[in-house]
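# Observations on chain architecture
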Amino acid sequence: MAVRSTNAELIDKINEVLAQKVGQQRYKIWFKNSTRLMVEDNYVKVGVPNLFIGGWIENHFSDQIGSAVTEVTQRPVKIIFTIDPELFGSQRRRQLDSQAEFLAKTADPNGRRRQNFPAGRETRLRLKLQNFVVGSSNQLAYSAAQTVVAEPRTHFNPLFIHGGCGLGKTHLLQGICNAVIQKRPETRCVYASGEEFTNQFVLALKMGKLDAFRQRFRHTDLLVLDDVHFLAGKKATQEEFLHTFNAIDTASKQVVMASDAHPKMIGQLSDSLVSRFISGMVVKIDPPEFETRCAILRQRAGEMQKNVPADVIEYIADHLRANVRELEGALLKVVAYASLSRSGIDLEMAREALEDHIARTDPIVHLSDIEAAVSTFFGITPADVHSSKKTRTISLARSVAMYLARKHTSMSFPEIGRFMGNKNHATVILACRKIKHLLEDKETPVVWETPVGRREMDINLVLGKLESSINR
Ligand code: ADP
Ligand code: MG
């Protein structure tokens with residue numbers, strides 16, 4: 001406990017010094033809500049939401065971070081950048097928007113705003129179905145979304161959309177709300193994230209305002225709940241949500257949800273919720289294939305009123321495959337680079353602009369994907385994977401993550417150890433060996449605990465499920 005509080009103080013201090021060094025304004029844009037510092041014995045980890053932001057911060061603020069850390073800790077420490085899946089959250093969207101706006105202004109010598117970077121007054125639900133590029137990876141989800149828009153009550157309830165980070169789930173959900181409001185303005189429509197639902201429920205409980213809470217969430221024609229995996233492990237909130245769902249369902253109204261995993265893959269979700277969720281329509285969004293990636297890039301370039309040659313579009317689409325967010329980040333970087341050098345965009349320039357970006361994409365993206373999938377599956381957090389906690393579930397999750405990292409990335413044992421909470425390479429070797437033994441032992445299932453009960457499953461099945469949910 002004592003250690004943790006000093007650590008938090010240390011981080012607060014580093015942030016304070018950093019803000020002085022880079023200036024409040026820039027601190028607010030680049031650090032306040034979009035990075036998370038973690039101080040370990042001999043290095044400081046800077047968690048960033050995606051490679052693009054990470055790259056920008058590394059290129060522009062490495063020195064300031066280094067000197068802030070040294071000033072506070074009184075010793076030189078190494079700085080490591082890592083993708084932090086939790087920073088992907090929808091609550092960060094505003095922040096990312098202001099970064100995009102900042103970049104657009106910086107990139108454009110005249111400081112003119114482009115139409116896709118509206119300032120300030122954008123509504124909460126800014127994503128529209130009209131701007132959603134449809135391809136085979138998301139066709140089914142898109143059609144289901146359209147059905148919800150077309151009919152006040154579809155023949156399936158709920159609609160459950162799942163898929164990896166940055167594949168367009170939030171876009172579809174917000175698009176549905178916007179389209180429904182436009183088409184049937186009288187519709188009562190509630191849009192919230194799993195986190196908001198949880199927080200509001202807890203607050204309502206505390207303040208004795210459950211009635212108002214239930215009025216808001218149950219008396220609605222359309223309830224859209226994003227990132228429902230946030231409910232994992234929260235027993236009382238799940239119970240409340242089950243009643244919310246039943247009330248809406250009984251009234252023949254519609255529920256739409258999104259999550260980064262299939263209902264069965266969200267660890268620590270009560271069986272009754274899981275069976276409710278899969279009783280409707282469950283659709284998966286896959287990472288976009290090449291054609292769709294190109295189409296998305298062309299659309300974005302059009303919105304920015306930039307002339308991006310086909311070979312540049314194809315180059316970006318060919319090298320950034322994991323998700324749309326990265327794709328957009330790369331395009332933004334090329335556009336910014338061209339504006340700064342006051343030249344047109346060509347392949348040569350795009351290669352140069354994305355050199356670091358592309359070289360570093362592989363291990364980092366995959367490792368964070370692995371950690372995200374494993375954490376969601378076992379109902380823990382990536383921080384637990386990095387911790388030294390030794391409970392059965394966390395140890396198992398950590399070993400599985402290390403095994404998958406070894407199998408699916410080109411990282412060495414020491415590298416994996418370093419990234420997963422500064423563990424010794426021997427720990428990683430042992431973990432991999434442990435999983436291999438489990439795989440050879442065909443009899444015994446692996447067992448882990450969740451607040452909603454004990455789970456057991458064949459290790460082959462666990463790995464299979466995880467591998468299919470990691471975007472590879
Ligand atoms: P998720 O909620 O699945 O993590 P988002 O919906 O936030 O992903 O999408 C990330 C970014 O990619 C958003 O800016 C979104 O507009 C964009 N995007 C994702 N899929 C598409 C698509 N098919 N067409 C156009 N833009 C997309
Ligand atoms: Mg989302």
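Our structure is the block above this text.
Residues numbered from 1 in each chain as written. Chains lettered and ligands numbered in written order. Predicted model: local features only at pLDDT ≥ 70, side-chain atom pairs only at ≥ 80, totals over all residues. Heavy atoms only, no water.

For ligand 1, the set of nearby residues contains 19 residues, the closest of which are Val133, Gly166, Lys169, Thr170 and His171. Contact distances for ligand 1 include 3.2 Å between an oxygen atom and a backbone N or O atom of leucine 167. In the model, an oxygen atom of ligand 1 is placed 2.7 Å from a nitrogen or oxygen of the threonine 170 side chain. Alone, ligand 1 offers 560 Å² of accessible surface; in the complex the protein occludes 95% of this. Of all the elements in the fold, those that place two or more residues in the shell around ligand 1 are α6 (169–183), α11 (290–303) and α13 (324–340). Looking at the shell around ligand 1 residue by residue, the class counts come to seven nonpolar, seven polar and five charged. (Near = heavy atom within 4 Å. Polar contact = N/O pair within 3.5 Å; in protein donor to acceptor, adjacent residues only side chain to side chain. Areas by Shrake-Rupley, 256 points an atom, 1.4 Å probe, with all protein chains shown as cover. Helix = DSSP H or I, 4+ residues; strand = E, 2+ residues; numbered from the N terminus. Nonpolar A, V, L, I, M, F, W, Y, C, P; charged D, E, K, R; others polar.)

For the rest of this paragraph, the subject is the packing of aromatic side chains. If you walk through the whole model with that rule in mind, you get 13 aromatic pairs. Residues phenylalanine 132 and tyrosine 142 carry aromatic rings whose centres are separated by 5.9 Å and whose planes lie at 5° to one another, so their mutual orientation is stacked. Placement of phenylalanine 132 in the loop between α4 (93–107) and α5 (139–150) and of tyrosine 142 in helix α5 is noted, with a sequence separation of ten residues between them. Residues phenylalanine 132 and tyrosine 142 agree in their burial class; the two are buried. By the ring-pair criterion, three or more aromatic residues cluster together here, those being Phe160, Phe197, Phe201, Phe213, Phe217, Phe241 and Phe277. Across from the ring centre of phenylalanine 217, 4.7 Å away, lies the NZ or CZ of arginine 216, which sits over that ring. Positioned above the aromatic ring of phenylalanine 230 is the side chain of lysine 234, whose terminal nitrogen or guanidinium carbon lies 4.2 Å from the ring centre. (Phe/Tyr/Trp six-rings, centres within 6.5 Å; stacked < 30°, edge-to-face > 60°. Buried < 20%, exposed > 50% of the residue type's maximum accessible area, 1.4 Å probe, protein only. Lys NZ or Arg CZ within 6 Å of the ring centre and 35° of its normal.)

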